[in-house]
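Summary of structural features
Chain residues, written in single-letter form:
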Amino acid sequence: MSGSYDDSVGVEVSSDSFWEVGNYKRTVKRIDDGHRLCNDLMNCIHERARIEKVYAQQLTEWSKRWKQLVEKGPQYGTVEKAWHAVMSEAEKVSELHLDVKCALMNEDFEKIKNWQKEAFHKQMIGGFKETKEAEDGYRKAQKPWAKKLKEVEAAKKAYHAACKEEKLAISREMNSKADPALNPEQLKKLQDKVEKSKQDVLKTKEKYEKSLKDLDNSTPQYMENMEQVFEQCQQFEEKRLRFFREVLLEVQKHLDLSNVASYKNIYRELEQNIKTADAIEDLRWFRANHGPGMSMNWPQFEEWSADLNRTLSRREKKKASDGVTLTGVNQTGDQASQHTKHSSNLSVPSNTVQSLQSSYNPFEDEDDTGSTVSEKEDNKIKNVSSSEKNQSYPTEWSDEESNNPFSSTDANGDTNPFDEDASPGMEVRVRALYDYEGQEHDELSFKAVYNENWNFYRKTRTLNGVSHYSSGFT
């Protein structure tokens, strides 16, 4: 470098040329750079391998998540299979990218690492053996020429100094001739000084020219020795460059999945699966499984069954009760054949029911010999809890049931005779065993009436497993 000095010879470098003393160090530094570049290339490959691994993991996670979403989603048929094929492609590509990661680390990375270890040898004192050998070779080739160069520089310096001294001596002599105060002896000394300086100039010039000639004579050998060392460094660098090129080509092969037969097959298979999707087939499948193509148990006429009736009627015996609920009445006038709109509760205390049961059981005196034992059992009055005295029917009953005669609107649209807005003239008769004064707003007051001309009508229908009785008086 210009303006610097080489420590070995102490010669000032006047240019940036390789031939200048000490400027060989750039080629020596290239050896150290080669070792660092191996590390850089390994780091580069390692980062790419990590990216391949992360990408493979993300593909797998993406495929798994979307496969579940598609399976749980509304898509169906061949298009669903085509969609699944996209996730299958991701899983297969994920495996290939894991192979890329393994190839980069197990082959390329390790190859660079091993080559670096064989090409560069560390020293105990630091640095690399190859660097020291190159520097020693340059120093040895440069030393003779550098020594002569140093002599040339010294001769040049002496010559230039002599020339300067000569110029000063001549200047003094010229000035002394015009000075009358100087005696002849002083003038003679000045003249001798001029002569001596001229001789010094001639001597230093001759020496300078001789040193240059020697330097010129040693230059070819110097160049040959330097080139020899340089070629050795070139050969070492050539090995590194060729090795890097070889490794990069292998990296390219590992990264280029387009040359992998299985990679091409993945997308060939994906294309086939997508083209297999058939909208007409999917619509046909949906029609058969979720549309008009489905089978149907169409309603048919069902004959009444005594066994079925007995089974259904027993379902209302599940709840024990303290009170009694009047579920049906016989109405006078034109309303006798109509159903009530709402269920109306006539709550009677439990002791009244007990008196009714102990004193008289109307079902035991029925003359209808056609009634079965099960029917008589079904005709027993139900007891309900006092806390449930306002509940008319079991919980399985609903106002929305169309066959409930006590729903809000029956088939004929009649109103409930128990409502306050019921039609005038409608009569509801009940029989009390003793006098009772209603305690609640929804309870009726009764007066005991003993008349032998009453009886209960037999049950008239069974709805949803609950028997209903129409009670009236003759």
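Residues numbered from 1 in each chain as written. Predicted model: local features only at pLDDT ≥ 70, side-chain atom pairs only at ≥ 80, totals over all residues. Heavy atoms only, no water.

1. Some remarks on the overall build of the chain
Looking only at helices and strands, one finds nine helices and two strands in the chain. Each helix (α) and strand (β) of the chain, taken in turn from the N terminus, gives the series α-α-α-α-α-α-α-α-α-β-β. Burial analysis of the chain (474 residues in total) assigns 32% to the buried set. Relative to all contacts within the chain whose residues are 6 or more apart in sequence, the contacts with residues 24 or more apart total 75%. Carbon together with sulfur atoms contributes 51% to the accessible area of the chain, which is approximately 31,500 Å² in total. (Helix = DSSP H or I, 4+ residues; strand = E, 2+ residues; numbered from the N terminus. Buried < 20%, exposed > 50% of the residue type's maximum accessible area, 1.4 Å probe, protein only. Contact = heavy atoms within 4.5 Å. Areas by Shrake-Rupley, 256 points an atom, 1.4 Å probe, with all protein chains shown as cover.)

2. Some words on the confidence of the model for the chain
Overall, the predicted model of the chain reaches an average pLDDT of 74, with 64% of residues at or above 70. With pLDDT under 50 throughout, residues 317-425 is counted as low confidence; its partners more than four residues away or in other chains account for 181 contacts. (pLDDT = per-residue confidence, 0-100.)

3. Regarding the pattern of salt bridges
Counted by the stated rule, this structure contains 19 salt bridges. For the salt bridge of E237 with R240, the shortest nitrogen-to-oxygen distance reads 2.5 Å. Of this pair, E237 and R240 both sit in helix α4 (residues 184-255), separated by three residues, roughly a single helical turn. Through salt bridges with shared partners, a single network forms among K111, E246 and E250. (Salt bridge = Lys/Arg side-chain N within 4 Å of Asp/Glu carboxyl O.)

4. Details of the side chain of H84
Inspection of the secondary structure assignment puts H84 in helix α2 (residues 77-119). Once you skip the residues sitting within four places of it in the chain, H84 turns out to touch K67, V70 and E71.

5. Examining helix α5 (residues 261-276)
With 16 residues, α5 ought to run about 22 Å at 1.5 Å a step, and its terminal C-alpha atoms sit 22 Å apart, in line with that. Buried residues of α5: Y263, I266 and L270, and no others. Angularly, the buried residues of α5 cover 50 degrees about the axis, an arc narrow enough to put them on a single face. Of the exposed residues in α5, the ones pointing more than 90 degrees away from its buried face are A261, K275 and T276. Buried residues in α5 make contact with α2. (Expected span 1.5 Å × (residues − 1). Arc of directions from axis to C-beta.)

6. With respect to the packing of helix α1 (residues 25-72) against α4
How two helices pack is summed up by the angle between their axes together with the distance between the axes. Across the interface, α1 lies against α4 with an axial gap of 10 Å and an inter-helix angle of 10 degrees. Judged by the angle between their axes, α1 and α4 are roughly parallel. Contacts between α1 and α4 involve T27, R30, I31, G34, L37, C38, L41, I45, R48 and E52 from the first element and F230, C233, Q234, F236, E237, R240, F244, V247, L248, V251 and L255 from the second. Class assignment for the residues of the contact of α1 with α4 results in 13 nonpolar, three polar and five charged. (Axes fitted to C-alpha atoms, helices over the stretch in contact; angles between N-to-C directions. Parallel < 35°, antiparallel > 145°, perpendicular 65-115°, else oblique. Nonpolar A, V, L, I, M, F, W, Y, C, P; charged D, E, K, R; others polar.)

7. Brief notes about the packing of aromatic side chains
Tallied over the full model, the rule gives 16 aromatic pairs. On the numbers, 4.3 Å between centres and 10 degrees between planes, the contact of W145 with Y222 is stacked. Of this pair, W145 sits in helix α3 (residues 129-177) while Y222 is found in helix α4, placing the two residues 77 residues apart along the sequence. With a relative accessible area of 3%, Y222 lands in the buried category. Members of the aromatic cluster, connected to one another through ring pairs, are F18, W19, Y24, Y138, W145, Y222 and F230. (Phe/Tyr/Trp six-rings, centres within 6.5 Å; stacked < 30°, edge-to-face > 60°.)

8. Focus on the nonpolar core
Counting residues in each nonpolar core, the largest one holds 48 residues, and the members touching the most others are I45, I112, F120, Y138, M226 and V247. When contributions to this core are tallied by element, the ones reaching two or more residues are α1, α2, α3, α4 and α5. If you tally residues by element for this core, the top one is α4, at 12 residues. The contacts of F120, once residues within four sequence positions are left out, are I31, G34, H35, C38, W115, F128, E130 and F236. (Core = buried A, V, L, I, M, F, W, Y, C linked by side-chain atoms within 4.5 Å.)

9. With respect to the side chain of S197
Tracing the sequence through the fold places S197 in helix α4. On the basis of relative accessibility, which here comes to 2%, the residue S197 falls in the buried class. Looking at S197, its side chain comes within polar contact range of the main-chain oxygen of V194, at 2.7 Å. In contact with S197, other than residues within four places in its own chain, are A162, E165, E166 and A169. (Polar contact = N/O pair within 3.5 Å; in protein donor to acceptor, adjacent residues only side chain to side chain.)

10. Section: the environment of K203
Mapped onto the elements, K203 comes out in helix α4. In this structure the C-alpha to C-alpha distance between K203 and A162, which are 41 residues apart in sequence, comes to 9.0 Å.

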